[in-house]
Amino acid sequence: MQHLIGYIVLFPFLGFLVLFLLNRYLSKSMVSLIGVGSVGIPALLTMLVGLNYLNDPDGTVRVETWEWFQAGSLDPGITFLLDPLALIFVFIVTFVGFLIHLYSVEFMKNDDGYGRFFAYMNLFIGSMLILVLADNLVFLYLGWEGVGLCSFLLIGFWYRDPENVKAAKKAFVVTRIGDTSMVIGLFLLFAHFQTLEIQELLAAIPGKWAEGSSLATWGSILLLGGAVGKSAQLPLQVWLPDAMAGPSPVSALIHAATMVTAGVYLIARTHVLFLQAPDVMEGVAIIGALTLLIAGTSALTQTDIKKVLAYSTISQIGYMFLALGVGAWSAAVFHFMVHAFFKALLFLAAGAVILAMHHEHNMFKMGGLRKRMPVIFWTFLAGAASLAAVPLITAGFYSKDAILWLSFAGEKGNSALWLAGTAGAFITAVYTFRMIFVTFYGKQDHETAYRPGYLILIPLIVLAVFSMLAGFIEMPHNMAHVDLFSGFVQFSLPEAMPQINKPGLEWLFQGISSLMTLGGIFTAYFLYLRRPEKPRQWAHQYSRTRQFLLEGWKFDRLYRYLVIRPVTYLSEVNREDFIDRIYILMAESTRWWHTLLVKTQNGRVRWYIMGTALGVLLILAIIILI
Amino acid sequence: MSLESGLILSGILFMIGLTGVMIRRNIIFMLLSVEIMLNAAGIAFIFAGSSRADPNGQIMFLFILAVAAAEVAIGLALVILIYQKFKTLDIDGISFMKG
């Protein structure tokens, strides 16, 4: 059964090739069939492989296909590695990916680039599968760059608008900074271990690099650089809000559910290296905590519904980084899974709303959609409840609670991290329900243009069910002893043990975070339904603060002054390129010598002979005299 | 004769040949001067060979003779062609191949 892993990766690439090459010869229904089928089949195969794997979860499965290339001792193979961590990611990528493809069939049906869209989406799924299934870091890097490319192509999908192209370029360049750091990290690892096979590396690192040694620290910092680029964390988070320029399914698939979690995957995959660098681990936690606060507060002021979701994505990945930083590996992966469900759901539902409102993104021009689009409303509510971590009934509560508890009680946890996480939970609830109340309640200003069909509703309902129920496979110890998830993941990731083992304290903390969520919901209710004039008044009063938050803490402006301006200034100064001048000078001097020497070529044979004789004389003189 | 006086003779012959090549403007005389230079080199070989009782000197002279014969054959053919084309044998008159 396990040899099917190769086919999971193969189908999306086949789909891409067929759609890319034969796009203009295929009918629309054919394109949909290939585009969705090439993700649907891997989803089915993943279920088969997964069920088979669950029966015997111990140990990892390696499937070798062929050698990629060989250079010295570097011989990366097209080899797939399946362990619980990879299986969870593959499941999310194929399953959520399949639902999003299904949704896209209806969402994109009137678009000119229908075939192109599905080709890129399939390429993305294929690259992401390579990323999570690769057994060596070189192959992983291929997938890593593949998803970066697809991200560029899909953000700029509506390329006729220069703004979209700009956003695509920004995403590409900013993530490229992280990629460069990661590649240097790979060089460092290879220089010291002569291999980039993940399993060999993980086995060799603890023996060779002592805990806290500078090499381990530098190695993990470089890999962390790649992770923060791809996962849109501080300081490279600026690309994600702009990435909303792409179609909604793209935002759902790439910028919420899967690609941006590649950084989380990378850190979890190389956790042995990070464990050898405690300082960097602490840095990861601090980055996560800061990012979740910055992104959360920015989300509070956004008016574009997709931007709210984009900032919430950054914030939720911040939670995952916080969990990774305190060593709560399985909690991070668990939150990734739950987040993939509800965030895909939220983006897809938001896409349906935007479509119904004639491509209007501004929430404040919507309002009252609850009655008009009941299914969208209820599924969106389910996703939002999960995002805000409504206690007990949503999956988001269980995953976020695990992170918050371990950020305090875990081995590397402390109260500051917990405080940041809890404050973030409050902010999350406020902006999430602000979105709900503004979009779906109040009075309706505009007519809805269209009714979503089944292809849009079914993925929403399925994802809503998962956003609610996925939490019950892993529950806190003090509530019910269910640890299906962490029990499964612990075959590839070490288990995090709380240092404090007081059920009473755990109850208290759960109570506090529940209160935070409910308080946040009430605040949003109070401010946007009962007293809608208050926020408007504040926006007027504190317009500077609002502007600051609206622009995501003005990081764009900071980078404009810190990086972009100096670079453009330098290039302006160096328009003539001083290095070029050196070569121009060489060319000039060659020409000068040419004009000089060409005079000796005067066509007089006797002159040449004289020259030869003089030359001989000179050489003889040198030989004799020296 | 000693090797020294022989080499002096050869040197004088060579300088005469070289001067001829350099100052003569008629191609045929230039060819003649080249022949003198070749023979000067040949004499040097023979003197060197005989002073060491080594037959290789004479063998080299035979080679030089063969080269000189070939050179004269090609050189005279060129002279005929040059004369046909330019109606002159003055080497300074045909100096249009310049850079």
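Colleague: Tell me about the interface of chain A and chain B, and please be specific about residues and values.
Modeller: Contact with chain A, which involves eleven residues of that partner, is made by 14 residues of chain B. Buried surface at the junction of chain A and chain B, summed over both partners, amounts to about 990 Å²; 63% is from carbon and sulfur atoms. The tally of links from chain A across to chain B stands at one salt bridge. As a salt-bridge pair, arginine 606 of chain A and aspartate 92 of chain B come within 2.8 Å of each other at their nearest N and O atoms. Linking chain A with chain B are three residue pairs in polar contact (both at pLDDT 80 or more), by the criterion used here.

Colleague: Describe the domain arrangement of chain A, and please don't skip the residues or the numbers.
Modeller: When the parts of a complex come together, some accessible area is lost, and that lost area is often taken as the interface size. According to the domain assignment, chain A contains domain 1 (279-541) and domain 2 (576-625). When each unit is reduced to the centre of its C-alpha atoms, the spacing between domain 1 of chain A and domain 2 of chain A is 78 Å.

Colleague: Mind laying out helix H15 (residues 329-356) of chain A, listing which residues take part and the relevant values?
Modeller: Residues and elements named next belong to chain A. For H15, which comprises 28 residues, the first-to-last C-alpha distance of 40 Å matches the rise-based estimate of 40 Å (1.5 Å per residue) to within 8%. The sharpest bend along H15 reaches about 25° and sits at histidine 339. Here H15 lies mainly inside the structure; 28 of its 28 residues are buried.

Colleague: Before we move on, could you go through the pattern of salt bridges and cite the residues and values that matter?
Modeller: Residue and element names in this part refer to chain A. Under the definition given, this model contains 13 salt bridges over all chains. The partner of glutamate 64 in a salt bridge is arginine 62, with the nearest N and O atoms 3.1 Å apart. Of the charged contacts in the structure, one is a salt bridge between aspartate 242 and lysine 170, with a shortest N-O distance of 2.7 Å. With aspartate 242 in helix H9 (residues 239-242) and lysine 170 in helix H6 (residues 162-193), this residue pair connects regions lying 72 residues apart in the sequence. Connected through shared salt-bridge partners, Arg62, Glu64, Asp135 and Glu197 make up one network.

What counts as what
- Residues numbered from 1 in each chain as written.
- Chains lettered and ligands numbered in written order.
- Predicted model: local features only at pLDDT ≥ 70, side-chain atom pairs only at ≥ 80, totals over all residues.
- Heavy atoms only, no water.
- Contact = heavy atoms within 4.5 Å.
- Buried area = accessible area lost by both parts, 1.4 Å probe.
- Salt bridge = Lys/Arg side-chain N within 4 Å of Asp/Glu carboxyl O.
- Polar contact = N/O pair within 3.5 Å; in protein donor to acceptor, adjacent residues only side chain to side chain.
- Domains from an automatic or database assignment.
- Helix = DSSP H or I, 4+ residues; strand = E, 2+ residues; numbered from the N terminus.
- Expected span 1.5 Å × (residues − 1).
- Bend = angle between axes of the 7 residues up to and from the residue.
- Buried < 20%, exposed > 50% of the residue type's maximum accessible area, 1.4 Å probe, protein only.

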